[in-house]
Amino acid sequence: MKTLTLITTFFLICLQTVAQDFWIPLEPPNPDTEIYCMKSYGEQGLLIGTQFGLYKTLDNGETWILTGFEGLAAKIDINYLNGDIFLGNRDGLFYSNDSGNTWNSSAYQDQGGVRSMILSQENNIFIGNHLAQIVKINYTGTEVEVVFDDNNSGPITSFTQSSEGVLFAGVINFFGYDSGVYRSFDEGDTWEHCWQVPNYVQTLDIDSFGNIYAGCGGGSYIGLYRSSDMGSNWELVKSGVAVYGIAFAPDNAIYIGCS
């Protein structure tokens, strides 16, 4: 009996270890699917934005369901408290409060589209559009305000927010030193340039300790950078790669998508 228990325990440990070391490809909704964004959705769920629309799975990708949105789904964010879904594309912002079955248009339409997006802790939506602006939209999508328009045509590529409510925006500027990171201490009403370097910030994220990470995909500051003081100072933690995506595991392991 002791031998059986030992073998069973060893098998379970090995199974958990092996399960972390390989990836299982999932069948996409159709062979031509291009995935632009994704978000977890429940315990076994996932939302993916494609050129054909927004799809969801509730069984870890075994089956896919096309939601009621059938246009380009470029960016998505979710209110995990009530399941509301926000979706952005070149036309504007859309939202659904019934798991994606039906969709409403917001007041933000045909005003520069959506390149990046975040639903803030205060339930405002911030959009980086193709006009290099930051747009603030209230939760119901009825009030639209341009809160930043001073970056000399440098696109806003990404957003993140600290647990204290400080917002950060990553920027690319191909013509000068307006690249880097901007931050806001007043829920996005005003923005300051906290990291002004000739790099191309493609993605931002914050770990559970409050460290901010910036993935740079070009310029002379290529690599992964970290700030432990709310963006005032930055240190290089991974060089030699262009970083386009950052994710944190529950054990604080860091994963980067790079070239």
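Basis of the calculations
Going along each chain's sequence as written, the residues are numbered from 1 onward. Confidence filtering applies because this is a predicted model: local features only for residues at pLDDT of at least 70, side-chain atom pairs given and counted only at 80 or more, and all residues used for totals across whole chains, interfaces and linings. Processing note: side-chain calculations cover all non-hydrogen atoms of the structure and skip hydrogens and water entirely. At least two bridges found by DSSP between two strands are what make those strands a pair. Strands are runs of DSSP state E lasting at least 2 residues, helices are runs of H or I lasting at least 4, and numbering of each runs from the N terminus. Throughout, an axis means a line fitted to C-alpha atoms (over the contacting stretch in the case of helices), and angles, computed between N-to-C directions, take values from 0 to 180 degrees. The rule for a disulfide is simple: a pair of cysteine sulfur atoms within 2.5 Å. Polar contact is defined as a pair of N or O atoms within 3.5 Å, subject to the rule that within protein one atom must be able to donate a hydrogen and the other to accept it, and that residues adjacent in sequence are counted only when both atoms are side-chain atoms. Contact between two residues is taken to exist if any of their heavy atoms lie within 4.5 Å; hydrogens are not considered. When a carboxyl oxygen of Asp or Glu lies within 4 Å of a side-chain nitrogen of Lys or Arg, that pair is called a salt bridge. With a 1.4 Å probe rolled over the protein chains alone, any residue whose accessible area is under 20% of its type maximum counts as buried; one over 50% counts as exposed, and the rest are partly exposed.

1. Description of the sheet that holds strand S13 (residues 156-161)
Where strands meet in a sheet, backbone hydrogen bonds hold them as pairs that are either parallel or antiparallel.
So, point 1. In space, the four strands of this open sheet follow the order S13-S14-S15-S16, with antiparallel pairing throughout. The open sheet has two free edges, formed respectively by S13 and strand S16 (192-196), since each of these has just one partner strand. Taking the axes of each pair of neighbouring strands and ignoring which way they run, one obtains an average angle of 25° across the sheet.
So, point 2. Looking at chain direction, S13 and strand S14 (residues 167-171) are connected through five bridges and run antiparallel. What sits directly across from Phe159, in S14, is Ala169.

2. Notes on the state of the cysteines
So, point 1. Counted by the stated rule, this structure contains zero disulfides.
So, point 2. A disulfide-free cysteine, Cys194 has its sulfur positioned 12 Å from the sulfur of Cys216, the nearest such atom.

3. Notes on the sheet that holds strand S11 (residues 134-137)
So, point 1. Spatial strand order, S9-S10-S11-S12: four strands in an open sheet with antiparallel pairing. Only two strands of the sheet have a single neighbouring strand rather than two, namely strand S9 (116-119) and strand S12 (144-148). Between one strand axis and the next, the sheet turns through 25° on average, direction left out of account.
So, point 2. The pairing of strand S10 (residues 125-128) with S11 spans four bridges and is classified as antiparallel. Within S11, the residue paired with Ile127 across the bridge is Val135.

4. Section: the side chain of Thr33
So, point 1. Following the sequence through the fold, Thr33 ends up in the loop between helix H1 (2-19) and strand S1 (35-40).
So, point 2. Within the structure, Thr33 has its side chain in polar contact with the backbone oxygen of Asn30 (distance 2.9 Å).
So, point 3. Look past the residues within four positions of Thr33 in its chain and what remains in contact with it is Pro28, Thr50, Gln51 and Phe52.

5. Here we look at the pattern of salt bridges
So, point 1. Considering all chains together, one arrives at four salt bridges under this definition.
So, point 2. Note that Asp189 and Lys136 form a salt bridge whose closest N and O atoms lie 2.9 Å from each other. Taken as a pair, Asp189 in the loop between strand S15 (180-184) and S16 and Lys136 in strand S11 lie far apart in primary sequence, 53 residues in all.

6. A word on the pairing of S15
In summary, the side chains of a regular strand alternate between the two faces of the sheet.
So, point 1. Of all five residues in S15, five are buried, a share of seventy percent or more.
So, point 2. Where S14 lies against S15, five bridges are found, and the strand directions are antiparallel. Following the sheet pairing, Ala169 is matched in S15 by Tyr182.
So, point 3. Both S15 and S16 contribute to a ladder of four bridges, which runs antiparallel. Its bridge partner lying in S16, Gly180 is registered against Gln196.

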